[in-house]
Amino acid sequence: MFFIALAPLTNSCANQTTQDTSTKVQTTTASKDTIKKNNTLKKDSIDIPHNRNYNDIARYIAGMNALQGSPYAKMEGDSVWIKFHKNFDTAWKELSIKRLQPMAKWAAIELATEQNSNRDIFYPLSGPDILHANTFFPNAKQYHLYALEKNGALPDLDHMKKKQLENYLTDVYSSLGDVFTKSYFITRKMMTALTADNVNGTLPLICVFLVRTGHEIINVQYFHLNNDGSEIALDKDSSGIHRNDFVKVYFKNTKDSSIQIVTYMRCNIQNNYYAKDTALQNYFSKMPSSITYLKSASYILHYKQFTFFKDVVLNKSVVILEDDTGIPYKYLTKDKWAVTLYGVYDKPVSDFSGVFQADLLKAYQDSINKPRKLPFSLGYHWGSNKQNLIKAELRGSVK
């Protein structure tokens, strides 16, 4: 994420129109939403109704041809969708060749241990970026994303007028422009692009990324975080009217039957907000040790206004994969962390001041522990490709 300014949050999002049958989840109440179809899949002790409509919608707004039986196949003859489909395919192919494929090949070697672990992926300051987290860690059972943007909802394609639909597809493509070219979302732009009048939250883009990377969306469910840090299923799709409402997307790889989950929560981790959010504090205190991923994080955790959450990351991580915008290098002390450096460290881009790390530059210039090569561009220096990655492994941890 590329944060331009820090601001207070008030949760809001539009109603979700695709609804679910009653389901058993590990909470104190069950969802009462209603759908017409389909089967029930299980992950551990959670019963997950399979509602293919979420996947059908996601494929349509991702510019992908409908699967057999989709009610939206008939809408693919529209000239606007055809153009959208072609443009999306072209951009995605270029993204895959230049970034995603090299990332996956690199990760299979450099992150092999992490990929084979049972750890959750903890991705604060993420926006809707399940794309890069899943590329690095494709086998994780759960991904936890946190950012400023609202949860949102998938579009009600059945009741959208032609012009509304055309505008929506345009907005989806436009909102992904920075990801295609730079690899990150710009928060200032996202705050406008993800309003109810446009793409409507992070959920649509999360779903677009999932289906574009070969996954099938099984279901979408909304929850609320109780003060004690436990979760409760909402009776109906969340409008984000309560602080600490969040959304879960259940999905699977089309080559595998195991269910994975991405959770997205809108929250403010600045000290003066986090200190008052008992539910969020309790939630993170109960969170198991995880693999943390931080990318294009606007150096948020370098600032004194975010010390509380910086400590959460350090205390809850067995591995941290980040660029220089995440946890400052000085906190990755040799007595606690085994650090591997990749790529090139360059001074921060001009948007940020006071965050240059002299100790990190010295580490990169070490003639004995030379940094390893980074065969892809991922971060703020996308123009020059002077990118870096830092992998910090907690000493003595069992992965």
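The rules we used
- Residues numbered from 1 in each chain as written.
- Predicted model: local features only at pLDDT ≥ 70, side-chain atom pairs only at ≥ 80, totals over all residues.
- Heavy atoms only, no water.
- Buried < 20%, exposed > 50% of the residue type's maximum accessible area, 1.4 Å probe, protein only.
- Helix = DSSP H or I, 4+ residues; strand = E, 2+ residues; numbered from the N terminus.
- Phe/Tyr/Trp six-rings, centres within 6.5 Å; stacked < 30°, edge-to-face > 60°.
- Contact = heavy atoms within 4.5 Å.
- Pairing = 2+ DSSP bridges.
- Core = buried A, V, L, I, M, F, W, Y, C linked by side-chain atoms within 4.5 Å.

(A) Region of the structure containing helix H8 (residues 203-212). Taken across its 10 residues, H8 has 10 buried, putting it largely inside the fold. Along H8, the positions that sit buried rather than exposed are Leu203, Pro204, Leu205, Ile206, Cys207, Val208, Phe209, Leu210, Val211 and Arg212. Positive phi appears at Gly214, one or two residues downstream of H8, with a value of about 85 degrees.

(B) A look at the packing of aromatic side chains. One pass over the full model with this rule turns up 30 aromatic pairs. Ring centres of Tyr345 and Phe356 lie 5.8 Å apart, and the angle between their planes is 25 degrees; on these two criteria the pair is classed as stacked. Residue Tyr345 is located in the loop between strand S11 (337-343) and helix H12 (358-364), and its partner Phe356 is located in the loop between S11 and H12; the two are separated by 11 residues in the primary sequence. Taking relative accessible area as the criterion, Phe356 reaches 44% and is therefore assigned partly exposed. The structure contains a cluster of three or more aromatic residues connected by ring pairs, namely Trp106, Tyr123, Phe136, Phe137, Tyr293, Tyr342 and Phe376.

(C) Representation of the environment of Leu169. Structurally, Leu169 is set in helix H5 (residues 162-175). A residue is classified by how much of its surface remains accessible, and Leu169, at 2% relative accessible area, is buried. A sequence separation of 108 residues divides Leu169 from Ile61, and the C-alpha atoms of the two residues are 6.4 Å apart. Ignoring any residue separated from it by four or fewer positions in sequence, one finds Leu169 in contact with Tyr60, Ile61, Trp81 and Phe84.

(D) A look at the pairing of strand S7 (residues 245-253). Judged by how many residues are buried, S7 sits mostly within the fold: eight of nine residues are covered. Pairing between strand S5 (residues 215-225) and S7: nine bridges, direction antiparallel. The partner of Gln221 across the bridge, within S7, is Lys248. Of the strand pairs in this sheet, S7 and strand S8 (residues 260-266) are connected by six bridges, and their pairing is antiparallel. In the sheet register, Lys248 faces S8, and the bridge partner there is Thr263. Here S7 folds back onto S8, and the loop between the two strands holds six residues.

(E) Focus on the nonpolar core. Judged by nonpolar contacts, the single largest core of 68 residues is most densely connected at Tyr60, Trp106, Phe136, Tyr143, Ile217, Val249 and Val262. It is helix H2 (residues 79-110) that provides the largest number of residues to this core, a total of 10 residues. Among the nonpolar cores identified, the runner-up in size contains 42 residues, and Ile48, Ile259, Leu341 and Tyr345 belong to it.

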